[in-house]
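An overview of the molecular structure
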Amino acid sequence: ILQMIWKPHLTVAAMVEHDGRFLVVEEHSEGRLVINQPAGHVEDGEAITDACIRETLEETGWRVTPDALVGIYRWVNPGTGDTMVRVCFACNGARQEASRPLDDTIHAAHWLTEAQLRAACDRTRSPLVLRCLDDFLAGNRHPLALLQDVV
């Protein structure tokens, strides 16, 4: 009997706040234009923090530095049945590379207030978007040393 091996999708997300606004993307997903933190999959052989830096740059044109871990979340997409494991980082040091082209699925990058994000709750890519925001605003900050690459 052939047995299927369960494989969750390991993803990262960046919480970047500046002057009361949060860096988000409008992206195309499953036929909709949705709001998300800069986020994406960790690539084979890539450090988790490096994936956060890369995804944020590719999706927004902003270069950031992860400072702390906000949380690690498991979510099962009800539409696909896929399990997502999201590692969310608090980031700073945002520096824009304005001429950098954004990923093909990205419509635009925006800086939105908490109120604007909450007003767009029906347009968020997943419940992870507002959960990460809530935990960030609650001050959840854990040391990056919790993530270890063992080689």
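Residues numbered from 1 in each chain as written. Predicted model: local features only at pLDDT ≥ 70, side-chain atom pairs only at ≥ 80, totals over all residues. Heavy atoms only, no water.

Some thoughts on the overall build of the chain
A count of helical and extended segments in the chain gives three helices and seven strands. Each helix and strand of the chain, placed in order from N terminus to C terminus, yields the pattern β-β-β-β-α-β-β-β-α-α. Here the chain has a C-alpha radius of gyration of 15 Å; the compact-globule value for 151 residues is 15 Å, and the two agree. Considering only C-alpha atoms, the chain reaches an extent of 55 × 35 × 35 Å along its principal axes. Across the 151 residues of the chain, 42% fall into the buried class. For the chain, restricting intrachain contacts to residue pairs at least 6 apart in sequence, the fraction spanning at least 24 positions comes to 72%. Of the roughly 8,600 Å² that the chain leaves accessible, carbon and sulfur atoms contribute 53%. (Helix = DSSP H or I, 4+ residues; strand = E, 2+ residues; numbered from the N terminus. Rg over C-alpha atoms; globule rule 2.2 N^0.38 Å. Buried < 20%, exposed > 50% of the residue type's maximum accessible area, 1.4 Å probe, protein only. Contact = heavy atoms within 4.5 Å. Areas by Shrake-Rupley, 256 points an atom, 1.4 Å probe, with all protein chains shown as cover.)

Some points on helix 3 (residues 128-137)
Among the 10 residues of helix 3, seven are classified as buried, and the element is accordingly described as predominantly covered. The set of residues buried in helix 3 consists of Leu128, Val129, Leu130, Cys132, Leu133, Asp135 and Phe136. Those residues of helix 3 hidden inside the fold are in contact with strand 1 (9-18), strand 2 (21-29), strand 3 (32-36), strand 5 (62-76), strand 6 (83-96) and helix 2 (114-119).

Overview of the packing of aromatic side chains
Summed over the entire model, instances satisfying the criterion amount to two aromatic pairs. For the ring pair Phe22 and Phe136, a centre distance of 5.8 Å and an interplane angle of 85° mean the geometry is edge-to-face. Of this pair, Phe22 sits in strand 2 while Phe136 sits in helix 3, and the two are 114 residues apart along the sequence. Judged by relative accessible area, which is 10%, Phe136 ranks as buried. (Phe/Tyr/Trp six-rings, centres within 6.5 Å; stacked < 30°, edge-to-face > 60°.)

Quick notes on the pattern of salt bridges
Tallied over the full model, the rule gives 10 salt bridges. A salt bridge links Arg63 to Glu97, with the nearest nitrogen and oxygen atoms 2.9 Å apart. Remark: Glu97 occurs in the loop between strand 6 and strand 7 (106-113) and Arg63 occurs in strand 5; sequence separation between them is 34 residues. Residue class for Glu97 comes out partly exposed when judged on its relative accessible area of 22%. Here Arg118 makes a salt bridge to Glu114, at a shortest N to O gap of 2.9 Å. Taken together, the residues Arg118 and Glu114, both in helix 2 and four residues apart, mark about one turn of the helix. Residue class for Glu114 comes out partly exposed when judged on its relative accessible area of 32%. (Salt bridge = Lys/Arg side-chain N within 4 Å of Asp/Glu carboxyl O.)

What to know about the nonpolar core
Counting residues in each nonpolar core, the largest one holds 21 residues, and the members touching the most others are Met15, Cys88 and Leu117. Elements supplying a minimum of two residues to this core: strand 1, strand 2, strand 5, strand 6 and helix 3. When residues of this core are assigned to their parent elements, the largest contribution, five residues, is made by helix 3. In this structure, Val12, Val16, Cys52 and Val64 belong to the second largest nonpolar core, which totals 13 residues. (Core = buried A, V, L, I, M, F, W, Y, C linked by side-chain atoms within 4.5 Å.)

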